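Chains, contacts and geometry: an overview
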Amino acid sequence: MDDSELFAAAQRLPVSRRPLLGLTILVVEDSRFACEALRLLCLRSGARIRRADCLKSARRHLQVYRPSVLIADVGLPDGSGLDLIGELAEASPRPSVILATSGDSTLEQAALDAGAGGFLEKPITSLAAFQERILSNLPPDRQLSGPRALYDETVEPDFLAYRDDMAHAADVLNINPEDKTLAYLAQFLGGVARSAGDGPLAEAADRLALSRRKGKPLTQDTATLAGLVQERLERRAAI
């Protein structure tokens, strides 16, 4: 079932189950696994979703339309999502809701300082938490009146999306294993692994990031990370 079919199915739910009805959400996220979770959350909430995997793609989207909600990952392949958040926080008109997301909770304050109205820490799987964060950041004239029911469901992204992320990481390692690229890769794989509950990969990504910050040799940590990525590409079952 594609997005249009899922969206049509969601429209048959009672309005109380679709509190984000009428909103268009632009998700700027390079991880297919994280984006798949957000896609399911948006569709089950009644919102339309548009997706961009980098700053360049997001800015191209924004030349054509202005979304109701922006959800931007902090770490993107061509720069920081904080830059995009800062631009849109000062734009006129601006999105009604601007949220940042990351697997690194220490980035929350930087996101708020950049102009985000809230922060979503990965993994993002709770329907109730997702809806509440968006609804609570809507301007007063767009707030829903009266009590609303929030359904505490969770979403489970397709494992194939996780393998797509591993394939992307393997390509990055093969093409350009330089310092700046390794910094991005450590952040990317750390976030993806935490979203998927993959502890060993998350720990390996964190070790690479720490070694880089301390100026230590990266060869061994990079090789370990590459080996774990290859193992996951060869798996046929979910983590």
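These figures come from a predicted structure and were not determined experimentally.

Quick notes on the packing of aromatic side chains
Under the counting rule described, the total for this entry stands at three aromatic pairs. Ring centres 5.5 Å apart and planes at 75° place the aromatic pair Phe33 and Tyr162 in the edge-to-face group. Of the two residues, Phe33 sits in helix α2 (residues 32–45) while Tyr162 sits in helix α7 (residues 159–175), which places them 129 residues apart along the sequence. Taking relative accessible area as the criterion, Phe33 reaches 9% and is therefore assigned buried. Feature note: the residues Phe33, Phe159 and Tyr162 constitute an aromatic cluster, connected by ring pairs. Directly above the aromatic system of Tyr65 lies the positively charged group of Arg50, at a separation of 4.4 Å from the ring centroid.

Thoughts on the pairing of strand β3 (residues 69–73)
Taking burial as the measure, the five residues of β3 include five buried ones, the bulk of the element. Of the two faces of β3, the one lined by Val69, Ile71 and Asp73 and the one lined by Leu70 and Ala72 are each fully buried. As judged from the four bridges shared by strand β1 (residues 24–28) and β3, these two strands associate in the parallel manner. Within the sheet, the bridge partner assigned to Ile25 lies in β3 and is Val69. Of the pairings in the sheet, the one linking β3 to strand β6 (residues 97–102) comprises five bridges and is parallel in character. What sits directly across from Leu70, in β6, is Ile98.

A closer look at the pattern of salt bridges
According to the stated counting rule, one finds eight salt bridges in the structure shown. In this structure, Arg32 engages Asp164 in a salt bridge whose closest nitrogen and oxygen atoms are separated by 3.4 Å. Pair noted here: Arg32 is in helix α2 and Asp164 is in helix α7, with a separation of 132 residues, a long-range link. Note that Arg59 is salt-bridged to Glu87, the shortest N-O span being 2.6 Å. Highlighted residues: Arg59 in helix α3 (residues 55–62) and Glu87 in helix α4 (residues 81–89), separated in sequence by 28 residues. Residue classification places Arg59 among the partly exposed residues on the basis of a relative accessible area of 32%. Several salt bridges converge on common partners, so that one network encompasses Glu29, Asp73 and Lys122.

Description of unusual backbone geometry
As a rule of thumb, non-glycine residues mostly have phi less than zero, and peptide bonds are mostly trans rather than cis. Across the junction of Ser92 and Pro93, the peptide omega takes the value 0°, indicating a cis bond. Within the secondary structure, Pro93 sits in the loop between α4 and β6. Note the cis peptide between Lys122 and Pro123, where omega equals 5°. Of note, Pro123 is situated in the loop between β7 (118–121) and α6 (127–135).

Things to note about the layout of surface pockets
The calculated volume of the largest pocket comes to roughly 670 Å³. Taken together, 28 residues form the lining of the largest pocket, with Gly75, Ala183, Tyr184, Ala186 and Gln187 sitting closest to its centre. For the lining of the largest pocket, the secondary-structure elements that each account for two or more residues are β4 (75–76), β5 (79–80), α8 (179–196) and α9 (199–213). Tallied by class, residues from the lining of the largest pocket come to twelve nonpolar, nine polar and seven charged. Put simply, the second largest pocket is a space of about 300 Å³.

As for the nonpolar core
Ranked by internal contacts, the top residues of the largest apolar core, which has 27 residues, are Tyr162, Met166, Leu189, Leu201, Leu225 and Val229. Only α7, α8, α9 and α10 (219–234) provide two or more residues apiece to this core. With 24 residues, the next largest nonpolar core counts Leu38, Leu40, Ile49 and Phe130 among its residues.

Conventions adopted
- Residues numbered from 1 in each chain as written.
- Predicted model: local features only at pLDDT ≥ 70, side-chain atom pairs only at ≥ 80, totals over all residues.
- Heavy atoms only, no water.
- Phe/Tyr/Trp six-rings, centres within 6.5 Å; stacked < 30°, edge-to-face > 60°.
- Helix = DSSP H or I, 4+ residues; strand = E, 2+ residues; numbered from the N terminus.
- Buried < 20%, exposed > 50% of the residue type's maximum accessible area, 1.4 Å probe, protein only.
- Lys NZ or Arg CZ within 6 Å of the ring centre and 35° of its normal.
- Pairing = 2+ DSSP bridges.
- Salt bridge = Lys/Arg side-chain N within 4 Å of Asp/Glu carboxyl O.
- 1 Å grid on protein atoms, 1.4 Å probe; cavity = no way out; pocket = protein on both sides within 12 Å on 5 of 7 lines; lining within 4 Å.
- Points joined across faces, edges and corners; volume = space filled by probe spheres on them.
- Nonpolar A, V, L, I, M, F, W, Y, C, P; charged D, E, K, R; others polar.
- Core = buried A, V, L, I, M, F, W, Y, C linked by side-chain atoms within 4.5 Å.

Don't take any of this as a statement about function, it's just geometry.
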